[in-house]
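Architecture at a glance
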Amino acid sequence: PISSSARTQNRNDHAHDVLMLVTDVSEWRRLEHMRSEFVANVSHELKTPIAAIRGFAETLLDEDEGDTEGTGDAGNPMRRKFLRTIYDESLRMGNLVQDLLELSKLEATDGRVDPVSVDLQTVVDRAFERLRHTASNRGVDFRLASAPRVNVWADPDMLLQVFLNLLSNAIHYSSEGSTVTVSWDVLIDRVKVHVRDNGIGIPKESLGRVFERFYRVHKDRSRASGGTGLGLAIVKHIVAAHGGEVGVDSVEGEGSDFWFTLSRLDTNLAGVSFPLH
Ligand code: ADP
């Protein structure tokens, strides 16, 4: 930082010390840009080989399943176990690369989004639809609490991503038979959206850290569900890019309430006159 100090005098001739701190951030920004671009390039380069590994593992697994007569190596349980591991791990790597690309893309936009007026319920319905299969496989139900229909100011694809990440977490960190509820409160200029589950919850000391990249509380569960440790970091970036806030309240063993706010700019104030007192 470049700093300078000066002595000034105010109108009453009392002397004041003024310390000015001027920091040149252009070098920091350049390095940050290089880092982000590097991550994006590496992730992009990894996509093709990962897809190839996954594809070949899948073909060999299919072949094993088709080999009912037990000819060749296909009946070998060890071989099948190894192939399954190669396949599962390539899926995990694929998810990780996709999330890294998503984060780099968000960083590259530097917080700029092109928002439009979006019907919140339509986006929630779409997210429910996309995750219905995963939820029913784990015996988890979705519920949309009755709330007034409202439009928010957002990029629809990004908003869908926020719901997909929060809902899939709610599914994976809940137990069978539980319900995940989406609701929202309509405030004057904002909407506060909640995604609540009655799952395993988060210990108090980790609450402030779950939005950090790669921070995981439940490592085994995250791994088993193909988690990347980047889902909530992506949520935080998207909400921040929209000028909103994000947070979580949780009680360990009882459940979590992930919430975020969005602007509600559909309120048409044109032509409305406010009485002046
Ligand atoms: P992951 O891919 O590991 O789920 P996230 O960034 O989405 O990564 O979440 C970070 C960590 O926060 C998770 O590993 C998990 O420990 C915790 N977490 C996220 N959502 C929930 C939830 N609904 N209930 C309990 N813990 C959660």
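Scroll up for the structure.
Note that this is a predicted model, so its numbers are computed, not measured. (Residues numbered from 1 in each chain as written. Predicted model: local features only at pLDDT ≥ 70, side-chain atom pairs only at ≥ 80, totals over all residues. Heavy atoms only, no water.)

For the structure on display, the rule yields three aromatic pairs. Taking the centre distance of 5.6 Å and the plane angle of 70 degrees together, the rings of Phe163 and Phe260 count as edge-to-face. Taken as a pair, Phe163 in helix 4 (residues 156-172) and Phe260 in strand 9 (residues 255-263) lie far apart in primary sequence, 97 residues in all. There is no split in this pair, since Phe163 and Phe260 are both buried. On the numbers, 6.0 Å between centres and 70 degrees between planes, the contact of Phe211 with Phe258 is edge-to-face. Highlighted residues: Phe211 in the loop between strand 7 (190-197) and helix 5 (219-224) and Phe258 in strand 9, separated in sequence by 47 residues. The exposure classification of Phe211 matches that of Phe258, with both residues buried. Over the aromatic face of Trp259 sits the side chain of Lys192, whose NZ or CZ is 4.4 Å from the ring centroid. (Phe/Tyr/Trp six-rings, centres within 6.5 Å; stacked < 30°, edge-to-face > 60°. Helix = DSSP H or I, 4+ residues; strand = E, 2+ residues; numbered from the N terminus. Buried < 20%, exposed > 50% of the residue type's maximum accessible area, 1.4 Å probe, protein only. Lys NZ or Arg CZ within 6 Å of the ring centre and 35° of its normal.)

Our next topic: the layout of surface pockets. To find leftover empty space, one rolls a probe the size of a water molecule over the atoms. Put simply, the second largest pocket is a space of about 360 Å³. The wall of the second largest pocket is formed by Trp28, Arg29, Glu32, His33, Ser36, Glu37, Ala40, Ser104, Glu107, Ala108, Asp110 and His237. The set of elements that each furnish at least two residues to the lining of the second largest pocket consists of helix 1 (26-66) and helix 2 (77-108). Sort the elements by how many residues they give to the lining of the second largest pocket and helix 1 lands first, with seven residues. Of the residues assigned to the lining of the second largest pocket, the class counts are three nonpolar, four polar and five charged. (1 Å grid on protein atoms, 1.4 Å probe; cavity = no way out; pocket = protein on both sides within 12 Å on 5 of 7 lines; lining within 4 Å. Points joined across faces, edges and corners; volume = space filled by probe spheres on them. Nonpolar A, V, L, I, M, F, W, Y, C, P; charged D, E, K, R; others polar.)

Our next topic: the site of the ligand. Among the 20 residues in the neighbourhood of the ligand, the closest are listed as Asn169, Tyr173, His218, Ser222 and Thr228. At 2.8 Å from an oxygen atom of the ligand is found a main-chain nitrogen or oxygen belonging to Thr228. Note that a nitrogen atom of the ligand is positioned 3.5 Å from one of the side-chain N or O atoms of Ser256. Computed on the free molecule, the ligand has an accessible area of 530 Å², of which 98% lies beneath the protein chains in the complex. Elements with a contribution of two residues or more to the shell around the ligand: helix 4, helix 6 (231-241) and strand 9. A class-by-class count of the residues in the shell around the ligand yields nine nonpolar, nine polar and two charged. (Near = heavy atom within 4 Å. Polar contact = N/O pair within 3.5 Å; in protein donor to acceptor, adjacent residues only side chain to side chain. Areas by Shrake-Rupley, 256 points an atom, 1.4 Å probe, with all protein chains shown as cover.)

Applying the stated criterion to the full structure yields one cavity of 30 Å³ or more. Along its surface, the largest cavity is lined by Ala154, Asp155, Met158, Leu159, Val162, Ile238, Val239, His242, Phe260 and Leu262. Among the secondary structure elements, those contributing two or more residues to the lining of the largest cavity are helix 4, helix 6 and strand 9. A total of three residues in the lining of the largest cavity trace back to one element, the largest contributor, which is helix 4. Per-class residue counts for the lining of the largest cavity are eight nonpolar, one polar and one charged.

The next point concerns the pattern of salt bridges. Going through the model one piece at a time under the given rule, you end up with 14 salt bridges. Among the salt bridges present, the one from Arg30 reaches Glu27, with a minimum N-O distance of 3.2 Å. Within this pair, Arg30 and its partner Glu27 are both found in helix 1, separated by three residues, close to a single helical turn. When its relative accessible area of 41% is taken as the criterion, Glu27 is described as partly exposed. Between Arg79 and Asp64 there is a salt bridge, with its nearest N and O atoms 3.1 Å apart. In this pair, Arg79 sits in helix 2 while Asp64 sits in helix 1, placing the two residues 15 residues apart along the sequence. Taken together, the shared-partner salt bridges connect Glu32, Arg35, Glu107 and Arg213 into one network. (Salt bridge = Lys/Arg side-chain N within 4 Å of Asp/Glu carboxyl O.)

Turning our eyes to something else, we now look at the packing of helix 3 (residues 120-137) against helix 4. The description of two packed helices rests on the angle between their axes and on the distance between the axes. It is at 9 Å that the axes of helix 3 and helix 4 come closest, and there the two elements cross at 40 degrees. On the basis of the axis angle, helix 3 is oblique to helix 4. Remark: the crossing between helix 3 and helix 4 carries right-handed chirality. Across the interface between the two elements, Leu120, Val123, Val124, Arg126, Ala127, Phe128, Arg130, Leu131, Thr134 and Ala135 of helix 3 pack against Pro156, Leu159, Leu160, Phe163, Leu164, Leu167, Ser168, Ile171 and His172 of helix 4. (Axes fitted to C-alpha atoms, helices over the stretch in contact; angles between N-to-C directions. Parallel < 35°, antiparallel > 145°, perpendicular 65-115°, else oblique. Left-handed = near helix turned anticlockwise from the far one by under 90°. Contact = heavy atoms within 4.5 Å.)

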